Amino acid sequence: MSISFLLNGETVTVADQPATRTLLDWLRDTRRLTGTKEGCNEGDCGACTVMISDDRGHRALNACILFLPQLDGKSITTVEGITGPDGELHPVQEAMIDHHGSQCGFCTPGFIVSMATAHLNGRTDHNDQLAGNLCRCTGYAPIIRAATAAQDKPIPDWLAPISVSKISSGGRPKAGGADSPPAPYQPKTTDDLARWYADHPDATLIAGATDVGLWVTKQHRDLGEIAFLNGIDDMRAITVSDTTIRIGAGATLSDLWPVMATYHPDFAEMIRRYGSVQVRNAATVGGNIANGSPIGDSPPALIALGATLHLRHGDTRRDILLENFFIDYGKQDRAPGEFVEAVSFPRQKDRLKCYKISKRFDQDISAVCGCFNITVQDNRVTGARIAFGGMAGTPKRAHNVEQAIIGQPWGAEAVAGAWDAWAQDFQPLSDMRASATYRLDVARGLLTRYLLEDLGGTTRVLEVRA
Amino acid sequence: MNNQRSPDPATKPLPHDAARLHVTGTARYVDDIPVPGDCLHLAFGLATVAHGQITALDLSAVRAAPGVIDVLTAADLPFANDVSPSIHDEELLASETVHYIGQPIFAVIANSHLAARKAATLGRIDYTERPAILTIDAALAANSRFEDGPRIYGKGDAEAAIAAAPHLLTGQIEIGGQEHFYLEGQAALALPQEGGDMVVHSSSQHPTEIQHKVAEALGIPMHGVRVEVRRMGGGFGGKESQGNALAVICAVAARRTGRACKMRYDRDDDFTITGKRHDFRITYRVGHDDAGRILGLEFVQYARCGWAQDLSLPVADRAMLHADNAYLLNHVRIESHRLKTNTQSATAFRGFGGPQGMVGIERVLDHLAHVVRRDPLEVRRLNFYAPASGDSVEGGLSAPPASGRPPEDILSKKKPGDGDLASRGATGDMAAEGDFEPGEDVQTTPYHMPVTDFILHEMVDRLVETSDYTARRAAVAAWNAEQPVLKKGIALTPVKFGISFTLTHLNQAGALVHVYQDGSIHMNHGGTEMGQGLFQKVAQVAAARFGVDVAAVKITATDTGKVPNTSATAASSGTDLNGMAVQAACDTIRDRMAEFLAGLHQAKPGTVVFSGGQVRVADARYDFAEAAALCYQNRVSLSATGFYATPDISWDRIAGRGRPFLYFAYGAAVTEVVIDTLTGENRILRADLLHDAGASLNPALDIGQIEGGYVQGAGWLTTEELVWDDAGRLRTHAPSTYKIPACSDRPEIFNVALWDQPNRAATVYRSKAVGEPPLMLGISALMALGHAVAACGTTYPALDAPATGEQVLRAVQRVQE
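Now for a quick tour of the structure. (Residues numbered from 1 in each chain as written. Chains lettered and ligands numbered in written order. Predicted model: local features only at pLDDT ≥ 70, side-chain atom pairs only at ≥ 80, totals over all residues. Heavy atoms only, no water.)

**Overview of the overall build of chain B**
Per the secondary structure count, chain B includes 20 helices and 29 strands. For chain B, whose C-alpha radius of gyration is 27 Å, the value lies close to the compact-globule estimate of 28 Å for 817 residues. For chain B, the residues scored as buried account for 68% of the 817 residues in total. Considering only contacts in chain B between residues 6 or more positions apart, those separated by 24 or more positions represent 80%. Here chain B contributes 74 positively and 94 negatively charged side chains, and the mean placements of these two sets differ by 3 Å. (Helix = DSSP H or I, 4+ residues; strand = E, 2+ residues; numbered from the N terminus. Rg over C-alpha atoms; globule rule 2.2 N^0.38 Å. Buried < 20%, exposed > 50% of the residue type's maximum accessible area, 1.4 Å probe, protein only. Contact = heavy atoms within 4.5 Å. Lys, Arg positive; Asp, Glu negative; His and termini not counted. Charge placed at Lys NZ, Arg CZ, Asp CG, Glu CD.)

In structure tokens form, the structure reads like this:
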């Protein structure tokens, strides 16, 4: 394997590293760049945040679940590179000192990189930009004061010209000598992937690595043959036609957000709370579907929108309803060598509400994720697509509830009339996120919330101010 | 000498001394220290059953794994197999019996961290399983406990007072534990030295404890072990005793291999292996009058201590010592059960039992207000201790002599406990001399200590005004009358927190100060830096004593070779103790310089002034550096140690009588919340905090402790839920499942102010300890949530903690029934 990237402005070529070597371990152990910290080794604390730049812009990402091959052809800026070449401080660094934004200091480099990336991107929604960085000392208030104080300061000279044009990618990573670890496959087009995967059906496909990363860092799994999909530009497209919105499997949640903000704002609001900036910049829509998790947040929303999944094996394509993809826990309707190429759903009047219920608002996996798409004409329910995550072994539609309300006058009686149907649709489990009883109670309550929102009521604690 | 109020620069709001290193990523933590190229890495193999006898241990696959150099079991330990800070009940590696899921059984030594971690999962261990005791109820049923029976403190006759009272109120609250989630996990590095000596770098709040346990494990005197701690990436009590295992195994492995050995826990291992805050159940019986005045009160506190004693006894003691919080209880009985379970050994966590005890009494006041139908704040005020009277400052206007010592009888009566003398887990006899029955006009705590510095009346008055409490409470009621689904709540709760180690002999500190011939100053003391800004505050004291800029003072790593026999940096004591010790060392050097310079100019030493970077004597002025050089040339010693022992404290922890604390730190908070009655989702909307840091040594750092403490306390009581399954496995073992507050969880409106009146007790520059007390301001969030739930019905919500969405929804359903 041989890959090249820029590290704090310097061209680096890496060879003879295992394909699953994480950027964090390589930075700390091989390069002795110890400013980037390991806090959790699973992408949940942000202490290892680095800035990755390419022709698509600058993104904050968690280095602990980034594998080196994913960085081929990119520019990496660590906290050491946020500081100027002669030790000059970046405005966010100065502000963090002035506003007492560090106490123990261990989370601070990750915050600095997130803040500097947001600063470079002109983002001032600091709560959202920093939701992926945990601090246990400060209570965050001084950090937000620092971010606010720095937001209008100019971008320092040493960060302005980051460009990846001068890196020549290592190209197709090549196997080294006989003792070298096997080189991963890094296709540039969907067609290449389709051909290769048909011949290597047991390979592990890695897009954002926000899930597969943990198989390596926590479970020490041997992934066997690997293909990294992040170099496939043509699988990342999101296209909006008169009739359909089609999302390439490689689109990240960050890519999806602005499109949904236009067409289905409540889906966008849920994406805002999906993982964190670092996770959304890595995680793909395809990955969120293909891993078959019962607690992924995008499948319930997409199912509620009536989405179709576009699967591909070699040159053969097949379309199925997304809800039919999920057969059982850990089991999907996907043949060996077949992969998710895209997901699409019809253009429609926006009636979608997405309710993500979790212990913490930001960066938490849903205990229950309920997505409701109910159409009403002349005060009567004419259609309903209701889908949930966290209520079964798969993302699942609430067919009985839908049937109970379709045709009914839209109101409290329809909601009450569906009471028993909920238990027919769902027999949820109890786990560390919530009990079965709570999950069922919440699911019922969310239909009430949907109704009240239709009537113009205030129903969301996030919208309330003191 | 002027030390009644803080002179410049001891009160400047300077940034943390390492702030520039933090923001540039150049601050070094244990895992960042450059190591020799052949450094080895360790990982523990862990028990997978909660209670059982090891019948077979097959480590062949571990030994054969790539990169593995050696594997150690209990049989390979040359000396003590013990990392307990108290009664030698905590094996480093389990030899026969395992007591919880996550207990270390063997240690892998490998050539990389990853190789060690991978190999550590390959052990094949057979057990004969035994019944595991996991819960408070199971422990009570089995009478599984530490100490022979419950500990009981009391005053007056609670039973008779409750019987005679017009009304009886009973209730119960469950209070969950809390994972520290220091961002830097536990870590240690051992570097073998010549002659069998060992240098250890540890992420520890208690270097002397590490030194002691390493020396025991290596079979050498403490002088053969030097422990260095420059900083921790957070501690919060979790690094008072929980770092012992890593440091000891690294030292043992370093001795065995002759190579540097390093260990750091992966986050999941850290959660699985180490102790957390004790969870508690507290029941109460209250006799009260129509107005809500408490006439008699009985508490039973049940603490789930986990498998080993660790620091659980003093934690449970402190819970009892805070069962009164701010309220006068004339007839009170507190019964405390310290229960032994097959779970992680619960340990120190910011507040050290105090927060749990305080939640108990705040719940009582809240419940009481509900049944007498009054604003809880009125009922709280009604039960407050009387205001402090007389002079605002005790003991004259100057700080005590830095060598102030406790009464001799305390030291002479001290017997070594069964454990490490320098640990809070030690249990020495502490029967105090003297009469602790104060005069009738003095109000006392349930442990008979007079309360003479009570300032909460004035503080609450001011906070009510600045937070606009009354109008906002009315606005909340109006909102709740209007809104069908979302309900608001608001609550004001006070904090009174006792300051001193309750193991009295720990209230001592040492310092070492050098002035170099160029006028630069090297400062060292026994306290450790975990982010709280201790080093900066103490450096400001040193700079003030010499009248120089704080930049002239070099802050150096805590080092058991420089200052010996240190106490843990714990109990909020860091600045109180070490600031005084450094002040004493500086004053010794300053007095020597003054005496010499005075002699040179035929002046009196007392007229020499150290200020503005200069030394003035008679008509002469020297730069401080000049003065230092002159002293050096004239053979004046410019190095000194300093020592401080807290005066006036003495108590009997068995009887629960005496003065365990030098003083109390106070605070009060108003929190407003909103809940969703359909899902239980809830959010803090606004918090107003007023906190007493005495005459603050550094207002910026103190406010940082207050803001951070509040958010950590609110997190404990809301989103931070620890869940064990029926097998005893901790299911919330990473940030993916255990949710500390994130950025947006802080109150959107967050007003924080310092009370900023001098401490009545003679502390360093009349400041007050500020590490732990603000955490308990977060209790206002729990009470506000209860208030919001109460708006949904007529019965009392009796909300348990943590008040997750699920708990809130359950409580809503209860009051709606």
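**Some points on the overall build of chain A**
Tallying secondary structure elements over chain A gives 18 helices and 18 strands in all. In terms of its C-alpha atoms, chain A occupies a principal-axis envelope of roughly 70 × 60 × 40 Å. Burial analysis of chain A (466 residues in total) assigns 62% to the buried set. Once local pairs closer than 6 in sequence are excluded, the contacts in chain A between residues at least 24 apart make up 64%. Working note: accessible area of chain A is about 16700 Å², and carbon and sulfur atoms make up 48% of it. (Areas by Shrake-Rupley, 256 points an atom, 1.4 Å probe, with all protein chains shown as cover.)

**Quick notes on the layout of surface pockets**
Residues and elements named next belong to chain B. Approximately 1000 Å³ is the volume found for the second largest pocket. Looking at the lining of the second largest pocket, the elements with two or more residues in it are helix H4 (136-141), strand E8 (167-175), strand E13 (279-288) and helix H20 (805-816). No other element matches H20, which puts 4 residues into the lining of the second largest pocket. Here the lining of the second largest pocket is composed, by residue class, of 11 nonpolar, 8 polar and 17 charged. (1 Å grid on protein atoms, 1.4 Å probe; cavity = no way out; pocket = protein on both sides within 12 Å on 5 of 7 lines; lining within 4 Å. Points joined across faces, edges and corners; volume = space filled by probe spheres on them. Nonpolar A, V, L, I, M, F, W, Y, C, P; charged D, E, K, R; others polar.)

**Brief notes about the interface of chain A and chain B**
Contacts between the two partners involve 76 residues from chain A and, on the opposite side, 89 residues from chain B. Interface area for chain A against chain B, summed over the two sides, is near 6700 Å², with a carbon-plus-sulfur share of 57%. The interface formed by chain A and chain B contains 13 salt bridges. On the surface where chain A and chain B come into contact, there are 42 residue pairs in polar contact (both at pLDDT 80 or more). Top element by residues in the side of chain A that touches chain B is helix H18 (residues 436-454) of chain A. It accounts for 8 residues. Looking at the side of chain A that touches chain B residue by residue, the class counts come to 34 nonpolar, 23 polar and 19 charged. (Buried area = accessible area lost by both parts, 1.4 Å probe. Salt bridge = Lys/Arg side-chain N within 4 Å of Asp/Glu carboxyl O. Polar contact = N/O pair within 3.5 Å; in protein donor to acceptor, adjacent residues only side chain to side chain.)

**Re the side chain of His-288 of chain B**
Mapped onto the elements of the fold, His-288 of chain B is located in strand E13. Those residues in contact with His-288 of chain B that sit more than four places away from it in its chain are Ala-165, Pro-166, His-167, Leu-168, Leu-169, Arg-293, Ile-294, Leu-295, Leu-368, Val-371 and Val-372 of chain B.

**Focus: the side chain of Gln-356 of chain B**
With respect to the helices and strands, the residue Gln-356 of chain B is situated in helix H10 (residues 354-372). In terms of polar contacts, Gln-356 of chain B uses its side chain to reach the backbone carbonyl oxygen of His-278 of chain B, at 2.9 Å.

**So, the packing of aromatic side chains**
A ring pair, where both rings are aromatic, is described by two values, the distance of the centres and the angle of the planes. Under the criterion given, the structure shown has 30 aromatic pairs over all chains. With a centroid separation of 5.6 Å and an interplanar angle of 50°, the aromatic rings of Tyr-355 of chain A and Phe-372 of chain A are classed as tilted. On the criterion of sequence distance, the pair formed by Tyr-355 of chain A in strand E15 (residues 352-357) and Phe-372 of chain A in strand E16 (residues 368-377) is long-range, its members being 17 residues apart. With relative accessibility at 1%, the residue Tyr-355 of chain A sits in the buried group. Seen from their ring centres, Tyr-100 of chain B and Trp-307 of chain B are 5.7 Å apart, and the 25° between their planes marks the pair as stacked. Highlighted residues: Tyr-100 of chain B in the loop between strand E4 (97-98) and strand E5 (104-110) and Trp-307 of chain B in the loop between strand E14 (294-304) and helix H9 (312-321), separated in sequence by 207 residues. What links up through ring pairs into an aromatic cluster is the set Tyr-327, Phe-384, Tyr-385, Tyr-447, Phe-454, Phe-661, Phe-664 and Tyr-666 of chain B. Note that Arg-231 of chain B overlies the ring of Tyr-29 of chain B, its terminal NZ or CZ placed 5.7 Å from the centroid. The ring of Trp-716 of chain B has Arg-277 of chain B lying over it, and the distance from NZ or CZ to the ring centre is 4.7 Å. (Phe/Tyr/Trp six-rings, centres within 6.5 Å; stacked < 30°, edge-to-face > 60°. Lys NZ or Arg CZ within 6 Å of the ring centre and 35° of its normal.)

**Structural notes on the sheet that holds strand E6 (residues 124-129) of chain B**
The strands making up a sheet associate through hydrogen bonds between their backbones, and the pairing can be parallel or antiparallel. Residues and elements named next belong to chain B. The 3 strands are arranged E4-E2-E6 in an open sheet whose pairing can be described as antiparallel. Looking at strand neighbours, the two that pair on one side only are E4 and E6, the edges of this open sheet. In the sheet, strand E2 (residues 52-58) pairs with E4 via 2 bridges, with the strands oriented antiparallel. Opposite Gly-52, over in E4, you have Val-98 as the bridge partner. (Pairing = 2+ DSSP bridges.)

**A word on empty space enclosed by the protein**
Residue and element names in this part refer to chain B. Inspection of every chain in the model, using the stated rule, returns 16 cavities of 30 Å³ or more. Approximately 430 Å³ is the volume found for the largest cavity. Lining the largest cavity are 30 residues, with Met-530, Gln-532, Gln-705, Gly-771 and Glu-772 positioned closest to its centre. Of all the secondary structure elements, the ones that give two or more residues to the lining of the largest cavity are helix H15 (534-546), helix H16 (574-600) and helix H18 (699-717). In terms of residue class, the lining of the largest cavity is made up of 10 nonpolar, 13 polar and 7 charged.

**Re the environment of Val-62 of chain B**
Residues and elements named next belong to chain B. The topology assignment puts Val-62 in helix H2 (residues 60-64). It is 23 Å that separates the C-alpha atoms of Val-62 and His-51, two residues lying 11 residues apart in sequence. Among residues more than four places away in sequence, those in contact with Val-62 are Val-68, Val-71, Phe-106, Val-108, Ala-119, Leu-122 and Gly-123.

**Let's talk about unusual backbone geometry**
Put simply, Ala-801 of chain B and Pro-802 of chain B share a cis peptide bond, and its omega is 0°. Its place among the elements puts Pro-802 of chain B in the loop between helix H19 (779-790) and H20. Positive phi, close to 75°, is recorded for Tyr-140 of chain A, a residue that is not glycine. Here Tyr-140 of chain A lies in the loop between helix H5 (126-129) and helix H6 (141-150). Of the residues examined, Tyr-140 of chain A reaches a relative accessible area of 0% and is grouped as buried. Positioned with a positive phi, Asn-565 of chain B is a non-glycine residue whose angle comes to about 55°. Along the chain, the position of Asn-565 of chain B falls in the loop between strand E20 (558-559) and H16. By relative accessible area, Asn-565 of chain B is classed as exposed at 55%.

**Observations concerning helix H7 (residues 190-199) of chain A**
For H7 of chain A, the complete set of buried residues consists of Thr-190, Leu-193, Ala-194, Trp-196 and Tyr-197 of chain A. Buried residues along H7 of chain A sit against strand E6 (204-206), strand E7 (226-228), strand E10 (308-313) and strand E14 (339-346) of chain A.

**Concerning the state of the cysteines**
Two cysteines, two sulfur atoms, one covalent bond between them: this is a disulfide. Residue and element names in this part refer to chain A. Using the criterion set out here, one finds 0 disulfides over all chains in the structure. The thiol of Cys-64 is not disulfide-bonded; the next cysteine sulfur, from Cys-48, is found 3.8 Å away. In this structure Cys-369 is a free cysteine whose sulfur lies 4.1 Å from that of Cys-371, the closest cysteine sulfur available. Judged by its relative accessible area of 1%, Cys-369 is buried. (Disulfide = S-S within 2.5 Å.)

**Here we look at the pairing of strand E12 (residues 261-264) of chain B**
Residues and elements named next belong to chain B. On E12, burial covers both faces: Cys-261 and Met-263 on one face and Lys-262 and Arg-264 on the other are all buried. Across 3 bridges, strand E1 (residues 40-46) lies against E12 in parallel orientation. Along E12, the bridge assignment pairs His-41 with Lys-262. As paired strands, strand E9 (residues 187-192) and E12 are joined by 4 bridges and run antiparallel to one another. Paired with Leu-189 across the strands is Lys-262, a residue of E12.

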